[in-house]
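Overview (structure and organization)
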2 protein chains.
Amino acid sequence: MNYDIAWLSMPSASLDDNARASAHARQQLLTKPAGSLGQLESIAIRLAAMQKTSTPTLENVAIVVFAGDHGVTEEGISAFPQAVTAEMVRNFARGGAAISVLARQLGAQLEVINLGTAQPMEALAGVRHYDLGHGTRNFTQQPAMTEHQLACALHAGRHAVERAKLSGAQLFIAGDMGIGNTTATTAIACALLKHAPSKLSGPGTGLNADGVAHKARVIQKALDLHHPHCAHPLETLRRMGGLEIAAITGAYIACAQMGIPMLVDGFIATGAALVATHIQPSTRDWMLFAHASAEPGHAHIVQALDAQPLLNLGMRLGEGSGAAVAVPLLRLACALHNEMATFAEAGVSEQTP
Amino acid sequence: MNYDIAWLSMPSASLDDNARASAHARQQLLTKPAGSLGQLESIAIRLAAMQKTSTPTLENVAIVVFAGDHGVTEEGISAFPQAVTAEMVRNFARGGAAISVLARQLGAQLEVINLGTAQPMEALAGVRHYDLGHGTRNFTQQPAMTEHQLACALHAGRHAVERAKLSGAQLFIAGDMGIGNTTATTAIACALLKHAPSKLSGPGTGLNADGVAHKARVIQKALDLHHPHCAHPLETLRRMGGLEIAAITGAYIACAQMGIPMLVDGFIATGAALVATHIQPSTRDWMLFAHASAEPGHAHIVQALDAQPLLNLGMRLGEGSGAAVAVPLLRLACALHNEMATFAEAGVSEQTP
């Protein structure tokens, strides 16, 4: 490649095994039957190891929504017109989208990054425009991105994480917006996991059964074209991904390198997480998984990542919305871990031997 | 019965069908694919119907923990000694228990009601003591409660809901504390649902496999003794229930009568919800279910109530902790419903026909 992406192979930060052990020991002393807080216990312990502290906290949460358009929409694979990508970027900026509401409720930073919409966009407060092209090219005909576009998109994700780090973020959430991006993510997942498109394809924003069957055929066509060239996951990402998917992939790798826990959203974000772990397996150590998406292919990617998402609410919106909804659970897990009394402190009898 | 429980048969408040229809219509206009917020959409719509408003909110949440001891602990059916019930009441009052931490984090009112611990208790700030006996009697030998005790416990639950209503509560959470109460709840559920104890019995606070098998035999003994007398669910509750389980049952019936949405916690609370719906089926309309407990019998009770709990985090603590953890999801569901822009407001294109 003719652009520097050597940073992708830098190692992930290490977890603090002492903090993990000490948090695990503390959980056994709190006034509750051992294990009775379920996943809230294991989350607090993992966050302790990531934050290198016995008292993890998540006051400062950074949410970044990455947007980009997809040339493959020419193939009629989405229930919504391509114009919606840019329209939703404006909706994020005005505060009317789901993720805008959630970020306000959580007191989280929200940044929107437009990597390349099909239609040119005006300057908008709270939106950072990268002009990497008018969306990707139709990947049933040619690679979705040039090598330069891919490198720039990966960098855009990394830079977002650097800004989050500088602002003190204790948790990073990446959201996605891009009409057509379930098609791109499904294609990538099929290539990396060697599944048939008919197995992973789903309705996205609202296709009917015929639409889903057509989408699977479009993906198969792309796989037939690109498969011989996809020896490396980066090439799979370049040929069938999207600008926002590449940016999220870069962001995840950077989070692990900089030691910031990431809370992975649904289908698109989990697809990017899959690419990130194929590029750099240790990225997985820094991932928490927020929710099981209603998009049917999600379960297969989740399984490949050996993940156990916290929520299963039938959500399938994207934007980072499922991850945002899970933030209060993580915060409560930390509060319980930090504030509950121990058996000794409270004078409560322990389990009968 | 020699104590007035006629109030139990008063009808539940009615839901507002207009508010429900209007909330449902609004959900279709918000800038997201229809249905893409999953259960968060249906919750907002149900809360709108309960609160008789198009903009439901849950700022004011009342949590009441009901505590009581169980004579059946004589049979060796719990991993913790009976003294823990009173010790945990003190822990609630001092703010060190899981539910204390969660109530603080949520800004929720927390009231603790001691209906009758085996050991006498001192006065404690934030704890209301009812002296209904030193716990229940061992229900493998005789009915757990007298008719008077049952009536008083049901009333205690109702009075807690009346206080919550007066303080403006928009959501009611009942928690439980009582060593031995998974045994009592399992016995009630077996009687009402006609399941074998071996099917519903579980580890509770931490029994091993032998302990669970013993617990199932203890429950079978109680069922053999009481079954001929259990034509009415109130009699099932009196003979095999607990003071705190009866109080929660009374609270749930009162919530429905007073039109307060209730968020049902795990195994014990769901058992009380089952009794409440057997007494007054329309109580079900006012119930939201917070989480799937790790106690194995819970799934059967949930199924009988046709419920779909929001969370499945492997929690099995009681105290109302699972319900408290779900409160932020309900609040976010309301915020999304109330604050998201519509397609028209945001100038976003709708789905292609």
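Residues numbered from 1 in each chain as written. Chains lettered and ligands numbered in written order. Predicted model: local features only at pLDDT ≥ 70, side-chain atom pairs only at ≥ 80, totals over all residues. Heavy atoms only, no water.

Observations regarding the nonpolar core
Side chains of nonpolar character tend, in soluble globular proteins, to be buried together. Membership of the largest hydrophobic core comes to 263 residues, with the highest contact counts inside it found for F66, F172 and Y252 of chain A together with F66, F172 and Y252 of chain B. Residues contacting Y252 of chain B, with those up to four places away along its chain left out, are A174, M262, V264, D265, A269, A272, A273, A276, T283 and M287 of chain B. (Core = buried A, V, L, I, M, F, W, Y, C linked by side-chain atoms within 4.5 Å. Buried < 20%, exposed > 50% of the residue type's maximum accessible area, 1.4 Å probe, protein only. Contact = heavy atoms within 4.5 Å.)

Focus: the pairing of strand β1 (residues 61–68) of chain A
All names here are of chain A. Counting buried positions along β1 yields 8 of 8 residues, so the element is predominantly enclosed. Neither face of β1 is left uncovered, since the one carrying V61, I63, V65 and A67 and the one carrying A62, V64, F66 and G68 both have all their residues buried. Where β1 meets strand β4 (residues 171–177), 7 bridges bridge the pair, whose relative direction is parallel. Residue pairing for β4: A62 is matched across the bridge by F172. Where β1 lies against strand β2 (residues 109–116), 7 bridges are found, and the strand directions are parallel. Paired with G68 across the two strands is G116, which belongs to β2. (Helix = DSSP H or I, 4+ residues; strand = E, 2+ residues; numbered from the N terminus. Pairing = 2+ DSSP bridges.)

Some points on the environment of G35 of chain A
Structurally, G35 of chain A can be placed in the loop between α1 (17–29) and α2 (39–51). Apart from the residues lying within four places of it in its own chain, the contact partners of G35 of chain A are E41 of chain A together with G314 and R316 of chain B.

Digging into helix α11 (residues 267–279) of chain A
Residue and element names in this part refer to chain A. Helix length check: α11 (13 residues) gives 19 Å between terminal C-alpha atoms against 18 Å at 1.5 Å per residue, within 8%. Counting buried positions along α11 yields 12 of 13 residues, so the element is predominantly enclosed. Among all positions of α11, only F267, I268, A269, T270, G271, A272, A273, L274, V275, A276, T277 and I279 are buried. (Expected span 1.5 Å × (residues − 1).)

A closer look at the interface of chain B and chain A
Across the contact, 54 residues belong to chain B and 54 residues belong to chain A. Across the interface of chain B and chain A, roughly 4500 Å² is buried in total on both sides, 63% from carbon and sulfur atoms. Of all residues in chain B, F80, L313 and L332 of chain B bury the most surface against chain A, accounting for 13% of the area lost on that side. On inspection of chain B and its partner chain A, the count reaches 2 salt bridges. On the surface where chain B and chain A come into contact, there are 20 residue pairs in polar contact (both at pLDDT 80 or more). Mapped onto the side of chain B that touches chain A, the elements with two or more residues apiece are α2 (39–51), α3 (83–94), α4 (98–106), α13 (321–339) and α14 (343–346) of chain B. Of the residues belonging to the side of chain B that touches chain A, the class tally is 31 nonpolar, 16 polar and 7 charged. (Buried area = accessible area lost by both parts, 1.4 Å probe. Salt bridge = Lys/Arg side-chain N within 4 Å of Asp/Glu carboxyl O. Polar contact = N/O pair within 3.5 Å; in protein donor to acceptor, adjacent residues only side chain to side chain. Nonpolar A, V, L, I, M, F, W, Y, C, P; charged D, E, K, R; others polar.)

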